[in-house]
Amino acid sequence: MTSFTPFFRKIIYLACIGVLLIPLSLVSRPGTREANGKVKNEGGKLSALREEHDLAQAKIADIDPTSETMKLASLGLRGVAVNLLWMQAIEHKKKGNYDQLRSTLEALTKIQPNFVKVWEYQAHNLAYNVSVEFDDYESRYAWVKKGLAFLKKGIPYNRRDHRIIDKLGFHTGIKFGKSDEKTSFRRLFRKDDDYHQEMADRLAPESYDLGGDYGPDSWKMAYQWYAYARELVDKGICQQKIGDTLYHMYRPAQLRNMGMALQTEFKTSDTIQEIWAQADREWKDYGQIEITNTLGITTKLNQVAQFENDRDALREELDEIVGKHVRDELMAEILDQIGLNDEQREAMDTDGSDRTDAQIQLVRSIERAIVTADANLDTKIALQSPDSERKRANRLALEINKKNLQINALSKDSNTVNYRYWLSRNEAESKDLTVAAREATYDAEQMWRQSIYDDEYDFNFKTKEKTVTKRGGISLFVDAFEQWNDVFEEYPILRSGELADSVADSIYHYKGMLDVTNREWPDDHPLQKVIDFMTEDAGISGVPTTEDLEERRSGREEEPTDDSDEDESDQEDSGDSETKSNNQEASDSDQAKSDQANTNEQGSQDAGTTENKKSGADQSGNDDDKTESESDDNI
Amino acid sequence: MVVREFITYWQWLGGGLLTFALIVLVAVVLGIFVGYLVAAFRHGPTEAFYIVSQVVFSSLPDFLFTSPKRIFAIAKLAVKEALRRKVILVTAGIFAAMLLFGGWFMGAGTDHPDRLYINFVLWGTQMLVLLMGMLISAFSLPEDIKHKTIYTVVTKPVRPTEVILGRIVGFGFLGTVLLAGMGLVSFLFVWRGLSHQHQIVGKNQTLAAFQTIPESRRSRITEQRVSDNAIMEAVTNKVGGHFHHLELTEDIFNPEDRQPSETATNIVDKKVLEDGRIAYRRVICNRVGEHSHQVFVDGTGDDATIRLGPAIGYFRARVPIYASKLQFYDRTGEPTEGGINVGNEWTYRGYIDGGHPSNRTTLSKAEFNFDNFTSDRFRNADVLQLELTMQVFRTFKADIEKRVTAGLQFESVPDNPETDNIVISDLVEFETEEFSIQQLAIDRKILGKIVTPDGKLVEKGKYDLFETFAKNGKFRVNITCRDLSQYLGIAKGDVYFRAGDQIYWFNFFKGYIGIWCQMMVIIALGVALSTFLSSPITMLGTIVVILVGFVTPFIREMADPQHLGGGPIESAYRVITQQNMMVEFDTGFLTTFIEQTDKIVIYSLYLMSYLAPNFAQLDFSDFLTYGFAINSDRILVALTTALAFVVGLTVVGYFALKTREIAK
């Protein structure tokens, strides 16, 4: 009997296993479908749940035998294997074994292929952190590509998630187009057939080839990645995984980035103008898309003005009931409480239709402050209405508050993506006026680079006439500034931001030329008003403002008319020292401008990519920073 | 490649023997003491004394009269038994499957596929062989005892030493055969995986497929930099995830200069110019990672057919001649320990700086001192290969398209620095190449000057490296950073003269000796433990030893009394109380208690690290991965270590078996 005991025990075990398999098989039984795809039988509970929540591997991704084998081979210790591989990857990175790092990442993503963040994080690691470890820019470029190629491998494993494709767009745009090495990278990119072929299974190379000298463009490729992701979402293959405001913004934003990049690399042309025109069209389309924000409010970015008009009409109606003086009195109290400066008061006092863009912005910010100071202003006004009209007044106050809520939400979204600035910028850049200004600036900059400052001319001794044969930088810049002035007149909002920065660069070059040729800043500089604004608003320095020029004029008037040699000498000294001082200021202003560029909201700074090699800042280690830079970059 | 230890076998043996003697002494004392305790517990203290004495004295004939013949007979039995268990077959099967699917992870497109391939096969072989060794040794004796088949052996006139050694030899033989097979298959796998050929992209394989280089000196095809002497370029087709850039170069030589070798296969044509100089046009295949292809030019001139041979550079076994000492100097010229720390987490390399804008002259340098630097070590070659691996740390962007520049200067090391003149070579500047081995060809006769000890110039000229610079066998190489505010990272193993290459397959074989040594230690351990433990416990014990063996350097680092933050107890206390490593504890009972406890723990850890073999010392995979010859000193160290463990474990196993009833 004793010798039979183990045998019987084994039989009992087997029987138990068999019995337990029955309920397991029942709950896991797969569903069946008819030929037309209609569910015939839902299958077991587990199977139905898997179907309901799209958890089946085949639903999430293509079935990869290697990946599945590796998952099985880890014998249920997938978590341990993942941890070991992550640690190994960190060790390889620390010791500079980058080929081994890449190979480890291959294995890692085979056992956790459906974890999108792993792909994103490690692609960022390769394209940013590993790439900057190399001193040779060609190696850096190669590692950026390796990071992107790695990310692309994650697409089939996560075909219901568009974020990997979005990231491809983001990194393609930023790393090639905004990093310190952007000029070199974009040059290499244009000739990199090998890379274009590597990506060809997802993006046809001709889809981002601008043709002619421009060739394949990295920003256009970024645009196409975003377009590809949106196409998948539109077809219902992917679910939209990010908020409406940014989701719809990314694609059109790449067009203006492309326009800006090409403008610095080539002389402006019809192609570039057409890119800006397309950017303008798509940005306007973006403004017409219904966007639902985090508060659940659905609006369109181009509706701010309409909402404001609606609200004003409602207020007028309310004021008619209670009398205008009630609002004025309450407003006066609040404004006292807030404390306005002269400029703000002037903006508030100016009639709505006469307000400049800057004043409109100011008034909006004051109105936000008013709402913050007293959110119930209109309700309070309604409470002072006669009893007979109280009900109507309360209804109006309620509607006004609702509109305020919408306006605030919309303004917030609008500011996040800098909608109004780019609306004007795209439109301006696509117009002949700006194209002409750019062409004139390009010519002037060429002269500046060649150190040709003054006009060259033939002098006819008989007629005493001068015929200009070649124009110098100074006069060309003056022409360009006149044209820029027209642009700024039409689009005052552009007086600060990235465009203003580039014009400011030209102003510094122009001033430098004046200093070298020992000339004074002209009293009637075409951009003088803009310079005044930039000095005050955008923080540029080193260029005379109207105030400085008036001081100079009054100083001249006070000077004695009968000059002595000694006086002249003094003046020269004074002039020299002023020149030196100006030079110093200009030099300082470069720094100031550089600092300003890093903090300018409207600029397209690249906080995430202005890395100094091995500066110790490990971007992958700080996800918060990364996210911040991502949103900044695309605004 | 990371190289930390440079000692010779005899240097190592001195310290090694001392440690071995200490461990033997402790083991003997501990063994006798424990044996006595056990015997005393079972038979009383007086009887125990006799029993222990009897065991010790009766062991002498066992050790002295152990018969190789009987060992061989038992080894044969062990082989049969292991074959019956089919462990070898399973191991071979897993290995075959590993190679079949391993290629999937050898991702194309990497610059160093050779490293991945070799790393993969060595790691796989090592793991499988150790696992196999553990399984066959751990189950052997306990199974025999369980099934009572051991009586068929112990009833014969065999000694316990022969039972143990026979098993170690038998299993070792099987493991060796398996390892040899795996090595051969691995070699073929790597060779097959890496071999490839390219063709030039173009209608035909002549210079017609080449394009001229634009004035920008950047490739018209890829926009990448081209060599200074390149006049035309082409690219090959893409194979194995990469393509090569081909350059047609033009070099003009004076008749008295050393001309390109007559046997060179890449010369397109040779022309004598009007001024008597000779112009050579040659086709160069640029490296990808560390491999290239030999260029064959059939015919001469523009119609010559150009073809590329198989990949060269993957299978190499460099013989490096390292400096005996590396000394860093700071910017004031004072010697420093380990160079500047730029904040890298990995402190293998020390850094030298290139000066600062406020003080442009820096005396910071890395000085490599070579001993026994004689021409016979380089087979009297006219051109020496200096190879470097350096890292760059930039403090500002500077010119993005230009790599940081390093300076190289050679110097004699006089026997009497106060009286003897010094020979100094002219400074050579070169752009650094990171993350790869940079090769600089150094002509044996180089330009330089001779100066007196107080720095006065004696003469200038061309001097022979061996006959003038290193006439006393001593020689110095100075590396400096030539870019302001930038830094160069360097370690002792980063700079060496390449004395030539060893035969690759022989080096590959030497690499497997390391794995063989590991396997023998594991087999001996498994057999020794299985004499007194059950199979699962033996396996567990062996796994622990393997793990400890792999992390030995880490344990020794932890057991270092100079380790910042103290020992394990102190570190734990600091973590709990949130005190950083630099904060000093207040004196008192707690501090004394922590420090004393740590001393005991540290000493235990230190001892423990020697009870398990340091597998890092027996692992030569890095040498094969990075293409370096494994020198005989390292092989001897590995063999001696393995022998010491096998002997030690045999003795342990003998006494354990002897004390068991079974073997009496």
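Computed from a predicted structure; not experimentally measured. (Residues numbered from 1 in each chain as written. Chains lettered and ligands numbered in written order. Predicted model: local features only at pLDDT ≥ 70, side-chain atom pairs only at ≥ 80, totals over all residues. Heavy atoms only, no water.)

1. Some remarks on the overall build of chain A
- For chain A, the helix and strand inventory stands at 28 helices and six strands.
- Across the 635 residues in chain A, those meeting the buried criterion constitute 48%.
- For chain A, restricting intrachain contacts to residue pairs at least 6 apart in sequence, the fraction spanning at least 24 positions comes to 68%.
- Looking at chain A as shown, the accessible area adds up to about 31,900 Å², and 50% of this sits on carbon and sulfur atoms. (Helix = DSSP H or I, 4+ residues; strand = E, 2+ residues; numbered from the N terminus. Buried < 20%, exposed > 50% of the residue type's maximum accessible area, 1.4 Å probe, protein only. Contact = heavy atoms within 4.5 Å. Areas by Shrake-Rupley, 256 points an atom, 1.4 Å probe, with all protein chains shown as cover.)

2. Quick look at the overall build of chain B
- Counting its regular elements, chain B contains 16 helices and 23 strands.
- A principal-axis box enclosing the C-alpha atoms of chain B has dimensions of 105 × 65 × 50 Å.
- Within chain B, buried positions represent 47% of all 664 residues.
- A sequence separation of at least 24 residues applies to 71% of the contacts in chain B between residues at least 6 apart.
- Carbon and sulfur atoms form 62% of the exposed surface of chain B, whose accessible area is close to 33,600 Å².
- When the 63 basic and 66 acidic side-chain charges of chain B are each reduced to a single mean position, those positions are 9 Å apart. (Lys, Arg positive; Asp, Glu negative; His and termini not counted. Charge placed at Lys NZ, Arg CZ, Asp CG, Glu CD.)

3. Quick notes on the interface of chain A and chain B
- Across the contact, 30 residues belong to chain A and 36 residues belong to chain B.
- Summing both sides of the interface, chain A and chain B together bury roughly 3,200 Å²; the carbon and sulfur share of this comes to 50%.
- At the boundary of chain A with chain B, the tally comes to eight salt bridges.
- Of the charged contacts in the structure, one is a salt bridge between R394 of chain B and D135 of chain A, with a shortest N-O distance of 2.5 Å. (Buried area = accessible area lost by both parts, 1.4 Å probe. Salt bridge = Lys/Arg side-chain N within 4 Å of Asp/Glu carboxyl O.)

4. Focus: the environment of E490 of chain A
Residues and elements named next belong to chain A.
- Mapping E490 onto the fold places it in helix α23 (residues 473–490).
- Residue classification places E490 among the partly exposed residues on the basis of a relative accessible area of 41%.
- In sequence terms E490 and S424 are 66 residues apart; their C-alpha atoms lie 9.3 Å from each other.
- Ignoring anything within four residues of it in the chain, the contact list for E490 reads K431 and L433.
- In this structure the side chain of E490 is engaged in a polar contact, spanning 3.2 Å, whose partner is the side chain of K431. (Polar contact = N/O pair within 3.5 Å; in protein donor to acceptor, adjacent residues only side chain to side chain.)

5. Looking at the side chain of T91 of chain B
Residues and elements named next belong to chain B.
- With respect to the helices and strands, T91 occurs in helix α4 (residues 87–102).
- For T91, a relative accessible area of 5% puts it in the buried group.
- Residues contacting T91, with those up to four places away along its chain left out, are L128, M132 and L178.

6. So, the sheet that holds strand β1 (residues 211–212) of chain B
All names here are of chain B.
- The strand order across the open sheet built from five strands is β1-β2-β3-β5-β4, with neighbouring strands paired in antiparallel fashion. Bordering the open sheet on either side are β1 and β4 (267–272), each of which pairs with just one other strand.
- In the sheet, strand β2 (residues 230–235) pairs with strand β3 (residues 245–253) via five bridges, with the strands oriented antiparallel. Residue pairing across strands places E233 opposite E247, the latter belonging to β3. (Pairing = 2+ DSSP bridges.)

7. Some details on the packing of aromatic side chains
- Counting across every chain of the model gives 70 aromatic pairs over all chains.
- With centroids separated by 4.6 Å and ring planes inclined at 55°, the aromatic side chains of F63 of chain B and Y654 of chain B adopt a geometry described as tilted. Taken together, the residues F63 of chain B in helix α2 (residues 45–64) and Y654 of chain B in helix α16 (residues 632–658) connect sequence positions 591 residues apart.
- On the accessibility criterion, F63 of chain B (31% relative accessible area) is partly exposed.
- Members of the aromatic cluster, joined through ring pairs, are F370, F373, F378, F410, F466, F469, F475 and F497 of chain B.
- Directly above the aromatic system of Y128 of chain A lies the positively charged group of K175 of chain A, at a separation of 4.7 Å from the ring centroid.
- A cation over an aromatic ring shows up here: K365 of chain B above the ring of Y329 of chain B, its NZ or CZ 5.1 Å from the ring centre. (Phe/Tyr/Trp six-rings, centres within 6.5 Å; stacked < 30°, edge-to-face > 60°. Lys NZ or Arg CZ within 6 Å of the ring centre and 35° of its normal.)

8. Description of the packing of helix α5 (residues 78–94) of chain A against helix α6 (residues 98–111) of chain A
Residue and element names in this part refer to chain A.
- Direction vectors running N to C along α5 and α6 enclose 160°, while the axes themselves pass 9 Å from each other. Taken as axis vectors, α5 and α6 run roughly antiparallel relative to one another. Judged by the twist between their axes, the crossing of α5 over α6 is left-handed. Contacts between α5 and α6 involve R78, A81, V82, L85, W86, Q88, A89, H92 and K93 from the first element and Y98, Q100, L101, T104, L105, A107, L108 and I111 from the second. (Axes fitted to C-alpha atoms, helices over the stretch in contact; angles between N-to-C directions. Parallel < 35°, antiparallel > 145°, perpendicular 65-115°, else oblique. Left-handed = near helix turned anticlockwise from the far one by under 90°.)

9. Some remarks on the sheet that holds strand β11 (residues 350–353) of chain B
Residues and elements named next belong to chain B.
- Pairing is antiparallel across the open sheet formed by three strands, whose spatial order is β11-β22-β14. The open sheet is flanked by β11 and β14 (391–394), the only strands paired with a single partner. Neighbour to neighbour, the strand axes of the sheet diverge by 30° on average, direction disregarded.

10. Re the nonpolar core
- Of all hydrophobic cores here, the largest spans 82 residues; its most connected members are M1, M132, I168, F171, F189, V190 and F628 of chain B.
- It is helix α9 (residues 504–530) of chain B that contributes the most residues to this core, 16 residues altogether.
- Excluding residues that lie within four positions of it along the chain, F628 of chain B makes contacts with M1, R316, A317, R318, P320, Y322, I437, Y496, N507 and F623 of chain B.
- Among the nonpolar cores identified, the runner-up in size contains 67 residues, and I174, F307, Y491 and M534 of chain A belong to it. (Core = buried A, V, L, I, M, F, W, Y, C linked by side-chain atoms within 4.5 Å.)

11. Re the side chain of Q112 of chain A
- Turning to its location among the elements, Q112 of chain A is positioned in the loop between α6 and α7 (116–130).
- Overall, Q112 of chain A belongs to the buried group, its relative accessible area being 12%.

12. A word on the confidence of the model for chain B
- Residues of chain B with pLDDT of at least 70 account for 98%, and the chain-wide mean is 88.
- Reported confidences for the modelled complex are a pTM of 0.80 and an ipTM of 0.84. (pLDDT = per-residue confidence, 0-100.)

13. Considering the pattern of salt bridges
Residues and elements named next belong to chain A.
- By the definition in use, this model includes 81 salt bridges over all chains.
- In this structure, E265 and R190 form a salt bridge, with 2.6 Å as the shortest nitrogen-oxygen distance. You can see E265 sitting in helix α13 (residues 244–265) and its partner R190 sitting in helix α10 (residues 182–191), a full 75 residues away along the chain.
- What makes E265 partly exposed here is its relative accessible area of 27%.
- Look at R190 and you get buried, because its relative accessible area is 17%.

14. Quick notes on the pairing of β2 of chain B
Residue and element names in this part refer to chain B.
- Burial of β2 is extensive: five of the six residues sit out of reach of the surface.
- Where β1 meets β2, two bridges bridge the pair, whose relative direction is antiparallel. Note on β2: the bridge partner recorded for Q211 is E233.

15. A look at helix α13 (residues 589–611) of chain B
Residues and elements named next belong to chain B.
- Across its 23 residues, α13 extends 33 Å between first and last C-alpha, which sits within 8% of the 33 Å expected from 1.5 Å per residue.
- Among the residues making up α13, those that are buried are T591, I594, D598, I602, L605 and S609.
- The elements touched by buried residues of α13 are α11 (552–558) and α12 (568–577). (Expected span 1.5 Å × (residues − 1).)

16. Let's talk about the environment of Y491 of chain A
Residue and element names in this part refer to chain A.
- By secondary structure assignment, the location of Y491 is in the loop between α23 and α24 (498–516).
- Placed 64 residues apart in sequence, Y491 and E427 show a C-alpha to C-alpha distance of 9.3 Å.
- With residues up to four places along the chain from it excluded, the contact list for Y491 reads S424, E427, A428 and K431.

17. With respect to unusual backbone geometry
- Despite not being glycine, N518 of chain A shows a phi value in the positive range, around 55°.
- Tracing the backbone through its elements, the reader meets N518 of chain A in the loop between α24 and α25 (528–538).
- The phi dihedral of R379 of chain B is positive, around 50°, even though this residue is not glycine.
- Under the relative-accessibility criterion, R379 of chain B is labelled exposed at 62%.

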